[in-house]
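# A structural walkthrough
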There are 4 protein chains.
Amino acid sequence: MTDSRKPVFLVIGAGAGIGGNAAKRFAAGGYHAVMARRSDEAGLARLVGEIEAVGGSASGTLLNAAEDGAIEDLVERTERDIGPIHCALYNLGAQIGNRSLDQTPHRIFELGWRLATFGVFRLAHALFPLMVERAKTGAHGTLLVTSATAAMRGNAGQHSHAAAMGGRRMLCQTLNAEFAPQGIHVAHVVVDGPVRSPDTLVRLLGDKWDMFEAAKGKEGIIDPAVLAETYWHLAHQPRNCWSHEVDVRPWTDVAWWNDNPDPRIDSKGKGFAGPSA
Amino acid sequence: MTDSRKPVFLVIGAGAGIGGNAAKRFAAGGYHAVMARRSDEAGLARLVGEIEAVGGSASGTLLNAAEDGAIEDLVERTERDIGPIHCALYNLGAQIGNRSLDQTPHRIFELGWRLATFGVFRLAHALFPLMVERAKTGAHGTLLVTSATAAMRGNAGQHSHAAAMGGRRMLCQTLNAEFAPQGIHVAHVVVDGPVRSPDTLVRLLGDKWDMFEAAKGKEGIIDPAVLAETYWHLAHQPRNCWSHEVDVRPWTDVAWWNDNPDPRIDSKGKGFAGPSA
Amino acid sequence: MTDSRKPVFLVIGAGAGIGGNAAKRFAAGGYHAVMARRSDEAGLARLVGEIEAVGGSASGTLLNAAEDGAIEDLVERTERDIGPIHCALYNLGAQIGNRSLDQTPHRIFELGWRLATFGVFRLAHALFPLMVERAKTGAHGTLLVTSATAAMRGNAGQHSHAAAMGGRRMLCQTLNAEFAPQGIHVAHVVVDGPVRSPDTLVRLLGDKWDMFEAAKGKEGIIDPAVLAETYWHLAHQPRNCWSHEVDVRPWTDVAWWNDNPDPRIDSKGKGFAGPSA
Amino acid sequence: MTDSRKPVFLVIGAGAGIGGNAAKRFAAGGYHAVMARRSDEAGLARLVGEIEAVGGSASGTLLNAAEDGAIEDLVERTERDIGPIHCALYNLGAQIGNRSLDQTPHRIFELGWRLATFGVFRLAHALFPLMVERAKTGAHGTLLVTSATAAMRGNAGQHSHAAAMGGRRMLCQTLNAEFAPQGIHVAHVVVDGPVRSPDTLVRLLGDKWDMFEAAKGKEGIIDPAVLAETYWHLAHQPRNCWSHEVDVRPWTDVAWWNDNPDPRIDSKGKGFAGPSA
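Residues numbered from 1 in each chain as written. Chains lettered and ligands numbered in written order. Predicted model: local features only at pLDDT ≥ 70, side-chain atom pairs only at ≥ 80, totals over all residues. Heavy atoms only, no water.

Looking at an unreviewed UniProt entry, one finds chain A named SDR family NAD(P)-dependent oxidoreductase, with Erythrobacter fulvus as its source organism.

Once that is clear, we can look at the overall build of chain A. Helix and strand counts for chain A come out as nine helices and seven strands. Its C-alpha atoms give chain A a radius of gyration of 20 Å, near enough to 19 Å, the size a compact globule of 277 residues would have. Looking at chain A as a whole, 68% of its 277 residues qualify as buried. Intrachain contacts of chain A at a sequence separation of at least 6 include 74% that bridge at least 24 residues. In the form shown here, chain A has an accessible surface area of approximately 9200 Å², with 53% of it arising from carbon and sulfur atoms. (Helix = DSSP H or I, 4+ residues; strand = E, 2+ residues; numbered from the N terminus. Rg over C-alpha atoms; globule rule 2.2 N^0.38 Å. Buried < 20%, exposed > 50% of the residue type's maximum accessible area, 1.4 Å probe, protein only. Contact = heavy atoms within 4.5 Å. Areas by Shrake-Rupley, 256 points an atom, 1.4 Å probe, with all protein chains shown as cover.)

Okay, the relation of the copies chain A and chain C next. Aligned on chain C, chain A shows an RMSD of 0.0 Å; the corresponding rotation is 180 degrees and the shift along the axis is 0.0 Å. The relationship between the two copies is best expressed as a two-fold rotation axis. Measuring from the rotation axis to each C-alpha of chain A, the shortest distance belongs to Gly-167 of chain A, at 2.0 Å. Taken as a fraction of all interface residues of chain A, those also at the interface in chain C reach 100%, which identifies the copy contact as same-surface. (Least-squares fit on C-alpha atoms with pLDDT ≥ 70 in both.)

A few words now on the packing of helix H3 (residues 70–81) of chain C against helix H4 (residues 106–135) of chain C. Helix packing geometry: the angle between the two helix axes and the distance between the axes. All names here are of chain C. Put simply, H3 and H4 touch, their axes get as near as 8 Å, and they point 30 degrees apart. With respect to H4, the axis of H3 lies roughly parallel. With respect to the hand of their crossing, H3 and H4 are arranged in right-handed fashion. Mapping the contact onto sequence places Ala-70, Ile-71, Glu-72, Val-75 and Glu-79 in H3 and Gly-119, Arg-122, Leu-123, Ala-126, Leu-127, Leu-130 and Arg-134 in H4. For the contact of H3 with H4, the per-class residue count stands at seven nonpolar, one polar and four charged. (Axes fitted to C-alpha atoms, helices over the stretch in contact; angles between N-to-C directions. Parallel < 35°, antiparallel > 145°, perpendicular 65-115°, else oblique. Left-handed = near helix turned anticlockwise from the far one by under 90°. Nonpolar A, V, L, I, M, F, W, Y, C, P; charged D, E, K, R; others polar.)

All names here are of chain A. Of note, Asp-40 is a non-glycine position whose phi angle comes to about 75 degrees, a positive value. Structurally, the position occupied by Asp-40 is in the loop between strand S2 (32–37) and helix H2 (41–53). Judged by its relative accessible area of 29%, Asp-40 falls in the partly exposed class.

A few words now on the side chain of Arg-114 of chain C. Locating Arg-114 of chain C in the fold gives a position in helix H4. Engagement of the side chain of Arg-114 of chain C in a polar contact is seen with the side chain of Glu-110 of chain A, the distance being 3.4 Å. If sequence neighbours within four positions are ignored, Arg-114 of chain C has contacts with Glu-110 and Arg-114 of chain A together with Ala-66 and Gly-119 of chain C. (Polar contact = N/O pair within 3.5 Å; in protein donor to acceptor, adjacent residues only side chain to side chain.)

What follows deals with the pattern of salt bridges. Residue and element names in this part refer to chain C. The final tally for this structure, using the stated rule, is 76 salt bridges over all chains. As a salt-bridge pair, Arg-77 and Asp-73 come within 3.0 Å of each other at their nearest N and O atoms. Here Arg-77 and its partner Asp-73 are both found in helix H3, four residues apart, which amounts to about one turn of the helix. (Salt bridge = Lys/Arg side-chain N within 4 Å of Asp/Glu carboxyl O.)

Turning our eyes to something else, we now look at the packing of helix H1 (residues 18–28) of chain C against helix H8 (residues 224–235) of chain C. All names here are of chain C. Across the interface, H1 lies against H8 with an axial gap of 8 Å and an inter-helix angle of 55 degrees. Compared by their axis directions, H1 and H8 come out oblique. The crossing of H1 and H8 is right-handed. Residues Ile-18, Asn-21, Ala-22, Arg-25 and Phe-26 of H1 form the contact with H8, whose own contacting residues are Pro-224, Ala-225, Leu-227, Ala-228, Glu-229, Tyr-231, Trp-232 and Ala-235. Here the contact of H1 with H8 is composed, by residue class, of ten nonpolar, one polar and two charged.

Turning next to the interface of chain A and chain C. Facing 41 residues of chain A, the contacting portion of chain C comprises 41 residues. For the chain A and chain C pair, buried surface summed over both sides reaches about 3000 Å², with 71% attributable to carbon and sulfur atoms. Where chain A meets chain C, there are two salt bridges. Measuring nitrogen to oxygen at the nearest pair gives 3.4 Å for the salt bridge that ties Glu-110 of chain A to Arg-114 of chain C. Inspection of the chain A/chain C interface yields 14 residue pairs in polar contact (both at pLDDT 80 or more). Within the residue set of the side of chain A that touches chain C, elements represented by two or more residues are helix H4 (106–135) and helix H5 (159–179) of chain A. When residues in the side of chain A that touches chain C are grouped by element, the largest group, 13 residues, is from H5 of chain A. For the side of chain A that touches chain C, a count of residues per class yields 19 nonpolar, 14 polar and eight charged. (Buried area = accessible area lost by both parts, 1.4 Å probe.)

Before going further, it helps to spend a moment on the side chain of Asn-258 of chain D. Locating Asn-258 of chain D in the fold gives a position in the loop between strand S7 (245–248) and helix H9 (263–267). On the basis of relative accessible area, Asn-258 of chain D is assigned to the buried category, the value being 5%. Only 2.7 Å separates the side chain of Asn-258 of chain D from the backbone oxygen of Gly-154 of chain A, close enough to count as a polar contact. The residues touching Asn-258 of chain D, leaving out its near neighbours within four places in the chain, are Arg-153, Gly-154 and Asn-155 of chain A together with Ala-177 of chain C.

Residue and element names in this part refer to chain C. Over its 13 residues, helix H2 (residues 41–53) runs 18 Å from end to end, which matches the ideal 18 Å to within 8%, given 1.5 Å per residue. The complete set of buried residues in H2 reads Gly-43, Leu-44, Leu-47, Val-48 and Ile-51. Projected onto a plane normal to the axis of H2, the buried residues spread over an arc of 140 degrees and lie on a single side. Along H2, exposed side chains directed more than 90 degrees from the buried face belong to Glu-41, Arg-46 and Ala-53. Structurally, H2 contributes buried residues whose contacts are with H1, strand S2 (32–37) and strand S3 (57–62). Just beyond H2, the residue with positive phi is Gly-55, at close to 90 degrees. (Expected span 1.5 Å × (residues − 1). Arc of directions from axis to C-beta.)

Once that is clear, we can look at the confidence of the model for chain A. Per-residue pLDDT for chain A averages 92, and the proportion of residues at 70 or more is 92%. For residues 262–277 of chain A, every residue scores under 50 in pLDDT, and the model assigns this stretch 47 contacts once sequence neighbours within four places are set aside. (pLDDT = per-residue confidence, 0-100.)

Residues and elements named next belong to chain A. Counting buried positions along strand S6 (residues 185–191) gives seven out of seven residues, so the element sits mostly inside the fold. The alternating pattern of S6 places His-185, Ala-187, Val-189 and Val-191 and Val-186, His-188 and Val-190 on opposite faces, both of which are buried. Where strand S5 (residues 142–148) meets S6, seven bridges bridge the pair, whose relative direction is parallel. Each bridged residue has a counterpart across the sheet, and for Ala-148 the counterpart in S6 is Val-191. In this fold, the crossover linking S5 to S6 by way of H5 has right-handed handedness. (Pairing = 2+ DSSP bridges. Right-handed = clockwise from strand over helix to strand, strands pointing away.)

With that settled, the discussion passes to the state of the cysteines. For the coordinates displayed, the defined rule picks out zero disulfides over all chains. Cys-87 of chain C supplies the cysteine sulfur nearest to Cys-172 of chain C, a cysteine that is in no disulfide, at a spacing of 13 Å. (Disulfide = S-S within 2.5 Å.)

On to the packing of aromatic side chains, then. By the definition in use, this model includes 56 aromatic pairs over all chains. Relative to Tyr-31 of chain B, the ring of Phe-26 of chain B lies with its centre 5.1 Å away and its plane at 70 degrees, an arrangement referred to as edge-to-face. Exposure remark for Tyr-31 of chain B: the relative accessible area of 4% places this residue in the buried category. Taking the centre distance of 3.8 Å and the plane angle of 5 degrees together, the rings of Phe-9 of chain C and Phe-26 of chain C count as stacked. Taken as a pair, Phe-9 of chain C in strand S1 (residues 8–12) and Phe-26 of chain C in helix H1 lie far apart in primary sequence, 17 residues in all. What makes Phe-9 of chain C buried here is its relative accessible area of 0%. Overall, the relative accessible area of 0% leaves Phe-26 of chain C in the buried class. An aromatic cluster is present here, built from Phe-109, Trp-113, Phe-118 and Phe-121 of chain A together with Phe-109, Trp-113, Phe-118 and Phe-121 of chain C joined pairwise through their rings. Over the ring of Trp-251 of chain B we find Arg-239 of chain A; its NZ or CZ atom is 4.3 Å from the centre of that ring. (Phe/Tyr/Trp six-rings, centres within 6.5 Å; stacked < 30°, edge-to-face > 60°. Lys NZ or Arg CZ within 6 Å of the ring centre and 35° of its normal.)

Structure, rendered in structure tokens:
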């Protein structure tokens, strides 16, 4: 059910993890959540149901974001049929696991770009002119982008993912540079740790999830409902104090810029690489 | 007035800007705020009064953070006389304006380090062992560090400030690497824009403040009360989703990594520095 | 004229600036230079002639790098007809000047990626398996990538360029992570200043070149023949001491991470954004 | 023996590793090398002897860089008694191995800063005014700074080292910003791997050196004589094309920004932290 008096929160990539939990948080805060994902209509309906069960307002739609016109059409339909999008969350990634270069065909590399870089460009292209108009009268206009460590540095095996996320990070900066002074807040959130995402990590690990969870320890995996609070905070920072880049990780996780605290690392002499007196 | 049943929020560098406003926010949220600053006992008393007037709990003390033992003593007294420090904000900087190298004497350079780098080290040295003990039973333990653009890159004239803030940023990373897994959240907040700080920027600009404010435009200067909300958010992120580095700036400010949008920049050909096809 | 006893230096993007001068430097050092560029057969012939006139060995070919199969075919033909490529320089960029988002159509954004990101991926895909085989017996294997400031941060108006270069930078890191231990040296050179490039910057400025040159002052513009010495140095670092990322700029240019030294910047109060004591 | 007709290359931190090899390279290239180190007069004499044996010119002196006036006095004596310093290499570090915060006393933290940050400031303070004068007539003026990974990110256990190196990196940027346009080239070289340094790493590992060397494999440890070639290259880049920051590591070493390629890392799920479609 839609409620045209509410501001709209649009999520592209609305699984049961980050996207769905962000939708729940914004719905709880008074937004109508529009959730788009590639497949699993039942999963979408479940999310809508969960939001409505606690008095929130939400709707869902399937979307192939890589398809020409799909994102543009989604923005147009949402604005026309539901209401002005005050905040959008681009939550599609392009993680395909580690693959060596010869196991990364051209079409995979291109698809990574299409989903993780080009999709953000297309969303901004379609949505920002509308947001700019509304921002002139002081309305909210926010683009949240869920990002990953691969946007900060390129690890082995991450050719497609890192190139796509690195391009996206720079795009978030160019969008911020052009549109922040026009009233659109662009925030790039570097998720630098595992997320309890039923549709991705949990499914992927399957049988091994329990072992993984035990190994990570208490509060060792990002709870997407908790991350959603940070999204909510970012989306509601007043104009005089906007954050553009924020990182998050569980307390027990090693930050991407740190070495793995493996005792063998020290034995490699890295700690003694510095110049001598 | 102190209330030993409340968790303590300790601010080192509690002027009427960021420090004082963070104290107000944490006091409003149920903390007892301990505010330390170098001078202006009247200003301190005024802050305490403002907090108490709205039902909060606070106390203040003068502190020369550069003095041997001063920070250590403050931590000890606070823990003994008031209560366990659950969150500390290190809000001392070392900005002295732009000075060429020959106008930056040795003692100024050293003082910058003493206030902006060594002080954080000393605070952590004195406070973290206590926080670690308490974190074992799940208690909060947070160190917020107000930082500046100079921690990210060294501009001309910023020898003392940038060296001190750059050292501090790396220190925040080493502290985070050692203590996050022990339950202490270290957050480094890069303030990349001007702040409406009565005791620093406003005083410094004096007569020119009105002109400056007009030039920056509506919401063009960071409101420290707004920044305090981000501090509050960071200090209360659950352990599974901690941010370590966050930037903030007004919507109309150019991010530090971007060029000044001066039309003359394009005329310098920087935009065409890239390789040719 | 080709000389199959010489190692091959392949340049993709061989105009009269960086690409052509790198070809000259490597030819002078004993390589056969294969120069590929999109157009201007006469310009290519002139470069070949200049190299041969001083006793070097070179050949040229036109290439539309955005076309399917073009880069792959070039690698195959070169290896088959001329000799093993010991060093390749990817010198194509995607700078199109500053354009606001609404002046950046989808196909421009895609073309930027195709030239600046996907082309590097395709070159590595085609060339690295051959280089890896040769590196097993100790042969050189080097990929030099000319990069730009836009790979480091996204300025306003640089949506297409920055996204493409940012993706490329991450790709250079993933390639380095996978292939450095297999004997291929990947170097990402951040050209952070204007280059005296007859086919791009000089042509673009046209009548204004003289004024620009005068404004930049003595040695104020990167001489591509000088940059070629750094390329040569990088390509010949022994395996125990490889550089991955190197920046260059003229002495009088402001580094990308620094503010433009415009006196008005100080008047914006940026210098006083830091926390107060 | 000194030769006043030669330009002077001054090394602060001239052990048998990076410092000594840089001295040899510059002496071979026509400089008189002045080598300063804290102790081991015999080692110094041996380095001087080795340089003179191949026809070079060098002299040595003991120096406690942490002592007030020591660096200033060294610069003055060198300029007066030997000749103008055209290039200086600051090669002192502050690596003390990994120590937890409670094992890092205040004086150790301060000493790190004094050697690794303040020393660079003092050297620039004493030397740059002289270099600036000479640069007006086109003379070389170069400051090379050997840096370490700790300047880029702070690992656990590196409180003293990372804070000192991080401050130094920012200082190199402020020095570059002020003095590059005055003709002084400042280069910050990030040594991101182990160096075959007889006075530090080799001595430190002692009996374990052979095992370490075998584990690193062929060309797996930076040869300081090879690194000296990069120093030479940097110091002789013409003014129109200066590098400020350069990294180096052995081909088999993992770059600091990459994860350790430990198979257990993937099992931590880091690779799947990204957002889901």
